[in-house]
Amino acid sequence: MKGILVILDGLGDLPHKQLNEKTPLEAAETPNLDFLANRSEIGYMYPVKPSFIPESDEAIISIFGNELISSTRGRLEAHGTEIKLTRGDLALRVNFATIDSLKKKNIIDRRAGRTLTTSEAEIFAEELNKIKIPCEFILKPTIQHRGVLVFRGGFSDNISSNDISLNLRGDSNKIKSVKALDDDENSQYTANIINEFLEKVHEVLENHPLNEERKKKGLLPINYLLVRGAGIEKPKLKFYRNWLSVAYMPLEIGFSKILGMKVFSFKYPKLKKIDVYANLHKSLKKACKLSIKTLKKNHKKFDYAYIHLKETDLPGHDNKPLEKKEMIEYIDKTLFNFLKKFAVKKKIKIVVTGDHSTPCKLKRHSADPVPVLFYNDSPPKEKIFDEKEARKGTLGRILGKDLFKKVGFV
């Protein structure tokens, strides 16, 4: 194996008062990452371009050398759930969410408080799949509040999201009607179908017995779907031969498969209780264990490895810097402790970075750059891996599309 790319989702952050004005990465005890940093070049990266606030799909599409127009999130996530798609099928990423009403249109929580259990999601999806509209469709819940929605037939993907508040790209926290983005009749028809479906979704869920139970427990009801990332065409992305991927979220699984990688995965632990962070730590443990096992068994079969760890992103969205710090420390004690020995012994290059910044105090993605560590067994020099050091590093300023050229992962 020549190289390993480790992406810690949402890694970049800003100083936080709970951490004495340090970022989670600055505050974390990371002796193994620091060992690698001492023998690395360090820099900082804008995953897409400066001032651009990327979603996860936009970031990894760019990092792997593609244009953003080459793919849509809906199609990537649908591929990651193994839903069979034919040309013209419209795929969308969805959130099970909470709104106040269709009249007021205020989004109360885009993730329904992160308390949607796996069994509840399955029950809600079963009911919603019974809705009658003038076309076939499938709604498939995936992990926690996430899902994939596919409308079968000849649709247009030139339509808007109904959630313009995502990453502050809009000017309000209100749901909007899905709109056609051109004058084509099919685009307008597609928007009409989706809006009709979403109205019926709210009707079905608003007074569902399961939501009545949730409200009695003091939990937010799940009464709406937020949709985005519409796509009808198979993504046209660069092919990466002889790469393996450790991925377990639908987005990264679908992305890796389309790129031609061999995917190693596990079934995400079911969320049985409302403590989502216990669920996240359980998954992170499984992900680090699988990453180590996969590298041990397959380093002679593949030239490169792509490891994507999702859990570090969620504390940023929830303003939980201590949780984010703890997750970084766990990854250091497990995965990076292994890589410190494994890569040095086998002379494998390592890149560690994030797909975007998710500052805890902002509770959303931001346009801030992410730190980059490029381990290439450079002469030892006292360095640590964090946002401040990245700004001063010899690797300098990088755009996502140039990362692989900069580190020689070609």
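Right above here is the structure, for reference.
One structure accompanies this document, and this report is about it.

1. Let's talk about the environment of Ser-291
As for its placement among the helices and strands, Ser-291 is situated in helix α9 (residues 276-298). For Ser-291, a relative accessible area of 0% corresponds to the buried category. With 14 residues separating them along the chain, Ser-291 and Ala-305 place their C-alpha atoms 9.5 Å apart. Excluding anything up to four places from it in sequence, Ser-291 contacts Val-246, Ile-307, Leu-309 and Leu-335. Engagement of the side chain of Ser-291 in a polar contact is seen with the backbone oxygen of Ala-287, the distance being 2.8 Å.

2. Overview of the packing of aromatic side chains
The tally for this structure, following the rule as stated, stands at 22 aromatic pairs. When the centroid spacing of 6.4 Å and the interplanar angle of 80° are considered together, the rings of Phe-255 and Tyr-306 count as edge-to-face. Pair noted here: Phe-255 is in helix α8 (residues 250-258) and Tyr-306 is in strand β10 (residues 304-309), with a separation of 51 residues, a long-range link. Here the aromatic rings of Phe-338 and Phe-342 are separated by 4.8 Å at their centres, their planes lie at 25°, and the arrangement is stacked. Here Phe-338 and its partner Phe-342 are both found in helix α11 (residues 321-346), four residues apart, which amounts to about one turn of the helix. The ring of Phe-35 carries the charged tip of Arg-39 above its face, separated from the ring centre by 3.9 Å. Sitting over the face of the ring of Tyr-277, Lys-320 holds its NZ or CZ atom 5.6 Å from the ring centroid.

3. Points about the pairing of strand β1 (residues 3-8)
Counting buried positions along β1 yields six of six residues, so the element is predominantly enclosed. Neither face of β1 is open: one carries Gly-3, Leu-5 and Ile-7, the other Ile-4, Val-6 and Leu-8, and all of them are buried. Pairing of β1 with strand β11 (residues 349-353), which is carried by five bridges, proceeds in the parallel orientation. Within β11, the residue paired with Ile-7 across the bridge is Thr-353. Judged from the six bridges that link them, β1 and β10 form a sheet pairing that is parallel. Within β10, the residue paired with Leu-5 across the bridge is Tyr-306.

4. A look at empty space enclosed by the protein
Enumeration over the complete set of coordinates arrives at three cavities of 30 Å³ or more. Estimated volume of the largest cavity: approximately 50 Å³. Asp-9, Arg-73, Glu-77, Arg-93, Arg-146, Met-249, Pro-250, Leu-251, Glu-252 and Lys-310 together form the lining of the largest cavity. The element that contributes the greatest number of residues to the lining of the largest cavity is α8, accounting for three residues. Residues that form the lining of the largest cavity fall into these classes: three nonpolar, no polar and seven charged.

Cut-off values and rules
Residues numbered from 1 in each chain as written. Predicted model: local features only at pLDDT ≥ 70, side-chain atom pairs only at ≥ 80, totals over all residues. Heavy atoms only, no water. Helix = DSSP H or I, 4+ residues; strand = E, 2+ residues; numbered from the N terminus. Buried < 20%, exposed > 50% of the residue type's maximum accessible area, 1.4 Å probe, protein only. Contact = heavy atoms within 4.5 Å. Polar contact = N/O pair within 3.5 Å; in protein donor to acceptor, adjacent residues only side chain to side chain. Phe/Tyr/Trp six-rings, centres within 6.5 Å; stacked < 30°, edge-to-face > 60°. Lys NZ or Arg CZ within 6 Å of the ring centre and 35° of its normal. Pairing = 2+ DSSP bridges. 1 Å grid on protein atoms, 1.4 Å probe; cavity = no way out; pocket = protein on both sides within 12 Å on 5 of 7 lines; lining within 4 Å. Points joined across faces, edges and corners; volume = space filled by probe spheres on them. Nonpolar A, V, L, I, M, F, W, Y, C, P; charged D, E, K, R; others polar.

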